[in-house]
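# Overview (structure and organization)
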Number of protein chains: 2
Amino acid sequence: MRLTAKSEYGLLAMIDLACRAQDGPVSAREVSERQAVPPKYLEQLFVALRKAGLVSAVRGARGGFVLDRPAAEITVLDIVEALEGPLKPTVCDAERAAVCGKGGACAAAGVWDQATRAVREVFVSTTLDTLARDQEVLEGPA
Amino acid sequence: MRLTAKSEYGLLAMIDLACRAQDGPVSAREVSERQAVPPKYLEQLFVALRKAGLVSAVRGARGGFVLDRPAAEITVLDIVEALEGPLKPTVCDAERAAVCGKGGACAAAGVWDQATRAVREVFVSTTLDTLARDQEVLEGPA
DNA sequence: CAGAAACCATACCGATTTGGTAAGGATTCG
DNA sequence: CGAATCCTTACCAAATCGGTATGGTTTCTG
């Protein structure tokens, strides 16, 4: 369970796309400038998001990316797992359990598991449309 | 918010100490062997736990470590923060907020904050005495 | 059709963190 | 005394992170 800049940048990008869902494809360069994310790095993240089925790419001039599902059906967990892999405890994993000699009888493992579940619950219950609306409110009536 | 082997080893060590609270000081070597943690690495962790005021060290032969407070008054958060530093979001931090140009008006930041709070809640509400009892039950009546 | 705009793929790279190990010093019990 | 134990510092290999570089492929537009 680790959260890095990938998740941060990826979530910012997805919110950006959700806020402009009606404007047709949004290019990586545009997102990069608005969200202050290095452009080539962002491209890599979009590749991962596309492979996870969260966005569709439109190639060629005037191309860009579009959400592949309604924003209400995309959760933060979808985005985080697309970029960082499955959300699971980074400690007391299978390899560790093999050497600690307790055969699964480990009180510590339960704590890590609970913590992971708690994060997962937050991520699953937060959808992109909520965040997009929040962001629009935060930016104010301009 | 990152969890590494330090937290895992440290929690195992603290549970070990709690289970043997009545046996006087427990040496790092004993803990190392029981919990399958590299001995010299464990020594470093005990130093951090001591500096955080969680354990007391008894030097010299027959020395070792003892919990500095009742197990019921030591939370998992105490242990994790002693070893890994303050538990806070690793993304969208102050440095980032300075460049993203939103002046704090960022919907993404709220998600990371919620996730961190959720983990903190689990860690704060889990005390060492509970884990020690859990562990003794798991190990069975032998 | 030419070229620009955009996505796609792969490789590389410096800095930092992680998970230790090594070597020796200081303290206390027996 | 000498052994056990904690204490301190330094060092190190491997992995990860965040990002750059280079070039290719596709497609719109003039």
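Every value quoted in this text rests on a predicted model; they were computed, and no experiment measured them.

What counts as what
- Residues numbered from 1 in each chain as written.
- Chains lettered and ligands numbered in written order.
- Predicted model: local features only at pLDDT ≥ 70, side-chain atom pairs only at ≥ 80, totals over all residues.
- Heavy atoms only, no water.
- Helix = DSSP H or I, 4+ residues; strand = E, 2+ residues; numbered from the N terminus.
- Buried < 20%, exposed > 50% of the residue type's maximum accessible area, 1.4 Å probe, protein only.
- Polar contact = N/O pair within 3.5 Å; in protein donor to acceptor, adjacent residues only side chain to side chain.
- Near = heavy atom within 4 Å.
- Pairing = 2+ DSSP bridges.

Moving on: the side chain of S27(B). Residues and elements named next belong to chain B. If you trace the backbone, S27 turns up in the loop between helix 1 (5-19) and helix 2 (28-35). The exposure class assigned to S27 is buried, which follows from its relative accessible area of 17%. Within the local environment of S27, its side chain forms a polar contact with the backbone nitrogen of E30, the two atoms lying 3.1 Å apart.

Attention shifts here to the protein's contact with DNA strand C. Near DNA strand C there are 28 residues, and of these A28(A), E43(A), R2(B), Y9(B) and Q44(B) occur at the shortest range. Restricting attention to atoms of DNA strand C within 4 Å of the protein, one finds that 69% of them are sugar or phosphate atoms. R29(A) places a side-chain nitrogen or oxygen 2.9 Å from a phosphate oxygen of DNA strand C. In this structure, K40(B) approaches DNA strand C through a side-chain N or O atom, which is 3.2 Å from a base nitrogen. Those elements that provide at least two residues to the surface near DNA strand C are helix 2 (28-35), helix 3 (39-51), strand 1 (55-58) and strand 2 (64-67) of chain A together with helix 1 and helix 3 (39-51) of chain B. Broken down by element, the surface near DNA strand C gets its largest block of residues, four residues, from helix 3 of chain A.

All names here are of chain B. Both strand 1 (residues 55-58) and strand 2 (residues 64-67) contribute to a ladder of four bridges, which runs antiparallel. What sits directly across from S56, in strand 2, is V66. Connecting strand 1 to the next strand, strand 2, in antiparallel fashion are five residues, including G60 with a positive phi near 85 degrees.

Once that is clear, we can look at unusual backbone geometry. With phi around 60 degrees, A36(A) is a residue other than glycine that occupies positive phi space. Inspection of the secondary structure puts A36(A) in the loop between helix 2 and helix 3. The backbone phi angle of R62(B) is positive, close to 60 degrees, even though this residue is not glycine. Here R62(B) lies in the loop between strand 1 and strand 2.

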